[in-house]
Amino acid sequence: MTNPVDLFIIGGGINGCGIARDAAGRGLSVTLAEKGDLASGTSSASTKLFHGGLRYLEFFEFRLVREALEERETLLRAMPHISWPMRFVLPYHKDMRFEAGTPTSRLLTFFMPWMRGRRPAWLIRLGLFLYDNMGGRKILPGTRRLNLQTDPAGAALKDKYRTAYEYSDCWIEDSRLVVLNARDAEARGARILTRTRVAHARRVGDLWEVTLEGPDGPQTHHARALINAAGPWAAEVIQTTIGLNSADSVRLVRGSHIVTRKLFDHDRSYFFQGEDGRIIFAIPYEGDFTLIGTTDAEHSDPRTPPECSEAEADYLRHFASQYFKRAVTREDIVWTYSGVRPLYDDGASSATAATRDYVLRLEISGAAPLLNIFGGKITTYRRLSEAALAELAAYFPNAKGKWTAGVPLPGGDFPVDGVAKLTAALEHDYPFLNPAEASRLIRAYGTEAREMLGTAKTRADLGRDFGAGLTEAEARWQMAHEYAQTAEDIVWRRTRLGLKMSAGEIAALDAWMRTAAIGKAHAEA
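The following refers to the structure shown. Remember, it's a predicted structure, so these values are computed and weren't measured experimentally.

**With respect to the overall build of the protein chain**
Assigned secondary structure in the protein chain consists of 14 helices and 20 strands. Relative to a compact globule of 525 residues, whose C-alpha radius of gyration would be 24 Å, the protein chain shows 23 Å and is just as compact. Based on the C-alpha atoms only, the size of the protein chain along its principal axes is roughly 70 × 60 × 40 Å. In the protein chain, which comprises 525 residues, the share counted as buried stands at 59%. Here the analysis covers contacts within the protein chain between residues at least 6 apart in sequence; of these, 72% occur between residues at least 24 apart. Carbon and sulfur atoms make up 52% of the accessible area of the protein chain, which totals about 21,600 Å². In the protein chain, which carries 66 positive and 65 negative side-chain charges, the distance between the mean positions of the two groups comes to 5 Å.

**A few points about the packing of helix α2 (residues 62-78) against helix α8 (residues 381-391)**
One way to put it is that α2 packs onto α8 with a least axis distance of 9 Å and a crossing angle of 105 degrees. With respect to α8, the axis of α2 lies roughly perpendicular. Between α2 and α8, the residues in contact are Glu67, Glu70, Glu71, Thr74 and Leu75 and Tyr381, Arg382 and Arg383, respectively. For the contact of α2 with α8, a count of residues per class yields two nonpolar, one polar and five charged.

**Looking at the pairing of strand β12 (residues 269-273)**
Most of β12 sits out of view: five of its five residues are buried. Burial of β12 is two-sided: the residues Ser269, Phe271 and Gln273 facing one way and the residues Tyr270 and Phe272 facing the other way are all buried. Relative to β12, strand β4 (residues 83-92) is paired through two bridges, and the arrangement is parallel. Among the inter-strand pairings, Phe88 is bridged to a residue of β12, identified as Ser269.

**Considering the nonpolar core**
Counting 57 residues, the largest nonpolar core has Tyr167, Tyr270, Phe272 and Phe324 as the members making the most contacts within it. Once residues lying within four places of it in the same chain are set aside, the contact partners of Tyr167 are Leu54, Met86, Arg87, Phe88, Leu90, Leu128, Tyr131, Thr143, Phe271 and Phe281. If you look at the next biggest cluster of nonpolar residues, it comprises 46 residues, including Ala24, Ala78, Ile227 and Ile378.

**Overview of the packing of aromatic side chains**
One pass over the full model with this rule turns up 22 aromatic pairs. For the ring pair Phe88 and Tyr167, a centre distance of 5.5 Å and an interplane angle of 20 degrees mean the geometry is stacked. Residue Phe88 is found in strand β4, and its partner Tyr167 is found in strand β6 (residues 163-172); the two are separated by 79 residues along the sequence. Exposure class is identical for Phe88 and Tyr167. Each is buried. Three or more aromatic residues link up through ring pairs in this structure, and these residues are Tyr161, Phe264, Tyr270, Phe272, Tyr323 and Phe324. The lysine or arginine in question, Arg63, covers the ring of Tyr358, its NZ or CZ lying 5.5 Å from the ring centre.

**Side note on empty space enclosed by the protein**
Evaluation of the coordinates by the stated rule reveals two cavities of 30 Å³ or more. Considered as a void within the structure, the largest cavity measures approximately 70 Å³ in volume. In this structure, the largest cavity is lined by Leu433, Glu437, Arg440, Leu441, Met452, Leu453, Arg459, Leu462, Gly469, Thr471 and Glu474. Going through the elements one at a time, α10 (435-445) and α11 (449-453) are the ones with two or more residues in the lining of the largest cavity. By residue number, the principal contributor to the lining of the largest cavity is α10, which donates three residues. Partitioned by chemical class, the residues of the lining of the largest cavity number five nonpolar, two polar and four charged.

**Considerations on the environment of Arg261**
Topologically, Arg261 is positioned in strand β11 (residues 250-261). Separated by 74 residues in the primary sequence, Arg261 and Trp335 place their C-alpha atoms 9.5 Å from one another. Setting aside its immediate chain neighbours within four residues, Arg261 contacts Asp288, Phe289, Thr290, Arg326, Asp332 and Val334.

**Section: the layout of surface pockets**
Here the second largest pocket is characterised by a volume of approximately 930 Å³. Along the walls of the second largest pocket sit 32 residues, with Trp84, Glu286, Gly287, Ser439 and Arg443 positioned nearest its centre. Among the elements of the structure, β4, β13 (279-285) and α10 are those that each provide at least two residues to the lining of the second largest pocket. No other element matches α10, which puts six residues into the lining of the second largest pocket. Tallied by class, the residues present in the lining of the second largest pocket amount to 12 nonpolar, six polar and 14 charged.

**Remarks on helix α9 (residues 419-429)**
Buried within α9 we find Val419, Thr423 and Leu426. The buried residues of α9 occupy an angular sector of 65 degrees when the element is viewed end-on, so they sit on one face. Looking at α9, the residues exposed on the side facing more than 90 degrees away from the buried face are Ala420, Lys421 and His428. The inward-facing, buried residues of α9 abut α10 and α11.

**Topic: the pattern of salt bridges**
Enumeration over the complete set of coordinates arrives at 51 salt bridges. As a salt-bridge pair, Glu488 and Arg493 come within 3.4 Å of each other at their nearest N and O atoms. Residues joined by salt bridges that share partners form a network here, namely Arg63, Glu67, Glu70, Glu71, Asp357, Arg382, Arg383 and Glu386.

**Considering the side chain of Thr260**
As for its position among the elements, Thr260 is in strand β11. If near-sequence neighbours (up to four positions away) are discounted, Thr260 is found in contact with Asp288, Phe289, Thr290, Ile292, Val328, Asp332, Ile333 and Val334.

**With respect to the packing of α10 against helix α12 (residues 472-481)**
The relative placement of two packed helices comes down to the angle between their axes together with the axis-to-axis distance. At a minimum axis separation of 14 Å, α10 and α12 run at an interaxial angle of 5 degrees. One element, α10, and the other, α12, form an angle in the roughly parallel class. Two secondary-structure elements touch here, α10 through Arg440, Leu441 and Tyr445 and α12 through Glu474, Trp477 and Gln478. Of the residues that constitute the contact of α10 with α12, the class distribution is three nonpolar, one polar and two charged.

Conventions and cut-offs
- Residues numbered from 1 in each chain as written.
- Predicted model: local features only at pLDDT ≥ 70, side-chain atom pairs only at ≥ 80, totals over all residues.
- Heavy atoms only, no water.
- Helix = DSSP H or I, 4+ residues; strand = E, 2+ residues; numbered from the N terminus.
- Rg over C-alpha atoms; globule rule 2.2 N^0.38 Å.
- Buried < 20%, exposed > 50% of the residue type's maximum accessible area, 1.4 Å probe, protein only.
- Contact = heavy atoms within 4.5 Å.
- Areas by Shrake-Rupley, 256 points an atom, 1.4 Å probe, with all protein chains shown as cover.
- Lys, Arg positive; Asp, Glu negative; His and termini not counted.
- Charge placed at Lys NZ, Arg CZ, Asp CG, Glu CD.
- Axes fitted to C-alpha atoms, helices over the stretch in contact; angles between N-to-C directions.
- Parallel < 35°, antiparallel > 145°, perpendicular 65-115°, else oblique.
- Nonpolar A, V, L, I, M, F, W, Y, C, P; charged D, E, K, R; others polar.
- Pairing = 2+ DSSP bridges.
- Core = buried A, V, L, I, M, F, W, Y, C linked by side-chain atoms within 4.5 Å.
- Phe/Tyr/Trp six-rings, centres within 6.5 Å; stacked < 30°, edge-to-face > 60°.
- Lys NZ or Arg CZ within 6 Å of the ring centre and 35° of its normal.
- 1 Å grid on protein atoms, 1.4 Å probe; cavity = no way out; pocket = protein on both sides within 12 Å on 5 of 7 lines; lining within 4 Å.
- Points joined across faces, edges and corners; volume = space filled by probe spheres on them.
- Arc of directions from axis to C-beta.
- Salt bridge = Lys/Arg side-chain N within 4 Å of Asp/Glu carboxyl O.

This is the structure:
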């Protein structure tokens, strides 16, 4: 029998990697298995925001919103390279409507029946007041009113939108967040296994016996506790991999996004409200593009890869076109992506109304505990991790206490307002980098950018250029330190350089990575 670890975690998304990092930092021994690449599912297909969830206030999700608002600045301090403040412009017009099924709508209709279906300005101001004050905001600026006839944010919008409210949330590089949590977990003693599927898990005495199928063939591991953080596959893991019956279930909701050519010339984002009651964001993306999303569509089977349907893309185009002066056309779309949100099935009447809060279920029918994770938002992953370990605290009385709040992720050990200074210093010390390249590297790697560039004196010292500024040195760094094994891992998750690379360039990178991996394997043999 292998030496048992304290925790075995199934799933390498943000919840699994966040729990692994927290647990390893408390002195617990941890193994995590992910059947694909880290963040290859939901965690790389988000709208890429640390946000409280302004619209959740209409569903009276006050605990969730407060926790998420508190977390924005906690997370911002820990990862100022991959997360940064962002201002959102919410245009207002008297024709605003919202879903008749929300608690706020029902309450408003009961007391003010003449306001049925409307989203009046005073209601928006009230929501933004709560949003500004529920989470102990210290870094992010508060809400202000805009005159769209004079403010640059109004230039891209139709003339009927004359007033807007501007509020704060934060951007997050979602895939990098997952990878950096995994890296920090490993640095603290955890074992991270990618491309490794959990085939079976069963209780044997007071331990879990976990059978894996991975690159090195079948393996058997043992653990004192098992955590199911498989996201969309959580129910499948319970029923098939473990073989248990559970009253809890997952509601799979597909969220699709379109990426278009750049639609406006400023660095603020838009929060658009639709007459159908839904909302979407239009966000500056990767310098040359605009990200628009998201949809809420039921998704029946986690084994069916999520794809943005033509109907969803058209919905997002038409929605955004209600606001922009120039209609968004199919020809404007350069890329689409879609992810499946594994929401806890609370019996809500629609995908939009289903709770975004997380639910933890501790199953103790045997001596070895099983903790199932349902739902959750990327913004609250750290708090979810703390809650998960609180559920298991009785089994590990010698574990240390909470520690992750504000502790930097790799590369994030600098002040929140220190990006410009770091970027300027990188340009000075590596003069062959242009400003855009230096900025991208700091935003990706923070203080580790220097370690990645090493002693390079010229661009040629970084090795082959695969396109869009991706060098051999950066690719080697990602393979050695960030678990990357394929071109897709690099250009569509750890970076989004695939938007600026040709299919041929991506294929050449993939071939080079396969050759480099074979060479490394032979050298280690």
